[in-house]
Amino acid sequence: MCGIIGYVGKKAVSPILLEGLRRLEYRGYDSAGVAVLDGDELLVRKKKGKISEGLARLLKSQPVAGNLGIGHTRWATHGPPSDINSHPHLDQSGRIAVVHNGVIENYDALRQKLLATGHKFKSGTDTEVLAHLIGDYYEKRRTPGSAGVPPADSRAELPTRQRDAGAPSSNPLTQAVCDALREVIGTYGIAVICADQPDTIVGARRGSPLIIGIGTGENFLASDANAIVAHTKKVVYLNDYDVATVTSARFDVLNLGTDTANVQVSKLEFSQEDAVRGKYEHFMLKEIFEQPRTVENALRGRVDNEGATAKFGGLNLTSAELRSIDRIVIAASGTSWHAALVGEYLIEELAQIPVEVEFAHEFCYRNAPLEKSTVLLVVSQSGETADTLAALREAKRRGHRALAIVNVVGSTIARESDGGIYMHAGPEIGVASTKAFVSTLTILALLAVHLGRLRNLSARRALEILHALEAVPKQLESILAQNNAFKKIAKKYAKADDFFFLSRGYTFPIALEGALKLKEISYIHAEGYSAAEMKHGPIALIDPKTPTVFLVPQDSMYDKTMANLAMIRARKGPIIALATEGDKQIGKVANDVIYLPKALEPINPILAAVPLQLFAYHIAVTRGCDVDKPRNLAKSVTVE
Ligand code: AGP
């Protein structure tokens, strides 16, 4: 996912773009660039690498001035990270600049068409093709008597209704953008400026987020609110096929698909302080330490001790409709998929509803049987993950209700779901998801209680779970207080090349999550596995150089998990155990032990996640990795 920012107003645009890009860098950091209208010259500054090493230095040595500009941080899809492939890209005339987040699937056909009319390209990107296409139509729109509008057969993507509808715009740049987008197949969030229009930015979206930030005498465009929350909290979330024309004084939105766009002004829930690192060395560490508050935020207003249940405001399903659900499919990706696996254990145990967890990208492309009474639940921190959004849209296309657990308010998944539950975890900037994961586990436990109480879950058992959840923030505080002990253990194993993370039952998904955390920020090969499954082959990989992190809380699987642990130990595999305080056995069989507070079995996943986050964090820092911006990754993957 790339980051986009645009500004039009009275202030010097360069520092606003640079600061905004710094706040967006977690979304993609292969390269960064800006285009600024300096007088009547459109100047571009762009550089491979992180902002501090590339663009910031370039702007120091070659400053640009002006009040209109756009900026971009890139996570490469088409064309490797390089100066020339960085955004912004210019059209043939050099007077139109475009930044883009998404993938234009038919870019090669469009490129061939433009090459045939004499266009020349400098980069290998799909975005440069789009810039030239916009420039081509802009020229036609400006040349008197030209048709301008693309031939009917070229509007490949838009459903029939959308090909002819759509309120016209008087602005030739907006018209040219609309003309070009009618030929595009794929996803885009774009911002476009033109040297002829010193007070206008045109923005458009399909499948990649884009918002308008509303200021006084100034306005903004951004791919997410982090980039502009320092300037305004009034935003408009654009919808798919929206095209916005933004000046310093106003904004107009049309929709390529319907006659009028649905424009709603919203207020951002979080502040600028939430989106800064503060005293912490990394956002990831800050967000790990925020987790006691995160759980409190997830619980706030949702625990009904009177009724011995949990309550939600946004499910948009009656109790009768909830009772009629006879299967839940949970679709998600990455860390959110691991949370979904815990959700399966929780909902099946407490509500006795069959749950199937799917990778979102698999769900969309296999013809999974869905009964009328099946509900799809998607989980997504960003609310923009393309795979997960596609799963949501597929379920709705087939006529099924789709609920969502999301963190980012106003995100595409939040707005397209039929109902859902917000995490209220605040901005999660670290690429490795931590507090959103723990928030999701808390919400899934509440949801399981809610669904269970509509069925046969006893008030006593429900209250046990609710009270155990309310005790979690304090328990997380006690775990976080052991941070230095975790750091010591982590340093001991930081040089290992391979790890296993093993467990069974409720904490099996946490073994998967612990392995992912380590992989994605330290680049060490790590496998999460069922402790019982190891003996069916993978145990061949155990040797004295391969440490195993064993999650072995005192739960219903304890004896069997300890037996599996003995198999690893018999083969001289070093063992780092996560065990329950008071366990007298574990110290005799593990090389190192991290103790967790005693908790109910369904609560153990929340507690066990935090030491594994810190374990991965300290190993990555010891290995000198860029914890907040790991190589090859982006915070939210908005391409399939
Ligand atoms: C988690 O640490 C990763 N960054 C990644 O797996 C992430 O969980 C996944 O891409 C899903 O993101 P989402 O929750 O925003 O949909």
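The following paragraphs examine the structure supplied in this document. (Residues numbered from 1 in each chain as written. Predicted model: local features only at pLDDT ≥ 70, side-chain atom pairs only at ≥ 80, totals over all residues. Heavy atoms only, no water.)

Of note, the bond from H87 into P88 is cis; its omega dihedral lies within 30 degrees of zero at 5°. Phi at Q352 is positive, roughly 55°, even though this residue is not glycine. Along the chain, Q352 falls in the loop between α10 (334–351) and β18 (355–359). By relative accessible area, which is 61% here, Q352 ends up exposed. (Helix = DSSP H or I, 4+ residues; strand = E, 2+ residues; numbered from the N terminus. Buried < 20%, exposed > 50% of the residue type's maximum accessible area, 1.4 Å probe, protein only.)

One pass over the full model with this rule turns up 31 salt bridges. When the shortest N-O distance is used, the salt bridge between K140 and D136 registers 3.5 Å. Taken as a pair, K140 and D136 lie in helix α4 (residues 126–142) at a separation of four residues, close to a single helical turn. Residue classification places K140 among the partly exposed residues on the basis of a relative accessible area of 33%. One salt bridge in this structure joins D418 and K396, with 3.5 Å as the shortest N-O distance. One end of the pair, D418, is in the loop between α13 (412–416) and β21 (419–422); the other, K396, is in helix α12 (residues 386–397), with 22 residues separating them in the sequence. Here D418 falls in the partly exposed class, since its relative accessible area comes to 26%. (Salt bridge = Lys/Arg side-chain N within 4 Å of Asp/Glu carboxyl O.)

The next thing to look at is the sheet that holds strand β13 (residues 251–255). What the six strands build is an open sheet, ordered β5-β6-β7-β8-β12-β13; its pairing is antiparallel. Only two strands of the sheet have a single neighbouring strand rather than two, namely β5 (89–90) and β13. Two strands pair when backbone bridges link them, and strand β7 (residues 188–194) and strand β8 (residues 201–206) are joined in this way by five bridges, in the antiparallel orientation. Each bridged residue has a counterpart across the sheet, and for Y188 the counterpart in β8 is R206. Sheet contacts for α4: β5, β6 (96–101) and β7; angle to β6, the most-contacted strand, approximately 140°. (Pairing = 2+ DSSP bridges. Contact = heavy atoms within 4.5 Å. Axes fitted to C-alpha atoms, helices over the stretch in contact; angles between N-to-C directions.)

Let us look at the site of the ligand. In the neighbourhood of the ligand, 14 residues make up the surrounding shell, with S336, S380, S382, T385 and E520 lying closest. The contact in question runs from an oxygen atom of the ligand to an N or O atom on the backbone of S433, over 2.8 Å. Surface burial for the ligand is 90%, taken as the share of its 410 Å² of free accessible area covered by protein chains. Mapped onto the shell around the ligand, the elements with two or more residues apiece are α10 and α17 (508–522). Classifying every residue of the shell around the ligand by side-chain character gives three nonpolar, nine polar and two charged. (Near = heavy atom within 4 Å. Polar contact = N/O pair within 3.5 Å; in protein donor to acceptor, adjacent residues only side chain to side chain. Areas by Shrake-Rupley, 256 points an atom, 1.4 Å probe, with all protein chains shown as cover. Nonpolar A, V, L, I, M, F, W, Y, C, P; charged D, E, K, R; others polar.)

The next point concerns the packing of helix α3 (residues 107–115) against α4. Where α3 meets α4, the axes come as close as 9 Å, and the angle between the chain directions of the two elements is 50°. Taken together, the axes of α3 and α4 are oblique relative to one another. In this structure, the crossing between α3 and α4 has a hand that is left-handed. Between α3 and α4, the residues in contact are Y107, L110, R111, K113 and L114 and D126, V129, H132, L133, D136 and Y137, respectively. In terms of residue class, the contact of α3 with α4 is built from six nonpolar, one polar and four charged. (Parallel < 35°, antiparallel > 145°, perpendicular 65-115°, else oblique. Left-handed = near helix turned anticlockwise from the far one by under 90°.)

Turning next to the packing of aromatic side chains. Tallying each qualifying case throughout the model produces seven aromatic pairs. Consider the rings of Y345 and Y506, whose centres lie 5.5 Å apart with planes at 40°: the pair is tilted. Taken together, the residues Y345 in helix α10 and Y506 in the loop between β22 (498–503) and α17 connect sequence positions 161 residues apart. By relative accessible area, Y345 is classed as partly exposed at 32%. Among the aromatic side chains, those forming a connected cluster through ring pairs are F499, F501 and F615. Here the basic side chain of R631 rests over the ring of Y523, its NZ or CZ set 3.9 Å away from the ring centre. (Phe/Tyr/Trp six-rings, centres within 6.5 Å; stacked < 30°, edge-to-face > 60°. Lys NZ or Arg CZ within 6 Å of the ring centre and 35° of its normal.)

With that settled, consider the environment of P209. Within the secondary structure, P209 sits in the loop between β8 and β9 (211–214). Judged by relative accessible area, which is 6%, P209 ranks as buried. Between the C-alpha atoms of P209 and D240, which are 31 residues apart in sequence, the distance is 8.6 Å.

Attention now goes to the packing of helix α8 (residues 291–299) against helix α15 (residues 459–480). Packing of α8 against α15 leaves a shortest axis separation of 8 Å and a crossing angle of 170°. With respect to their mutual orientation, α8 and α15 come out roughly antiparallel. Judged by residue contacts, Q291, P292, R293, V295, E296 and L299 of α8 engage L469, E470, V472, P473, L476, E477 and L480 from α15. Counted by class, the contact of α8 with α15 contains eight nonpolar, one polar and four charged residues.

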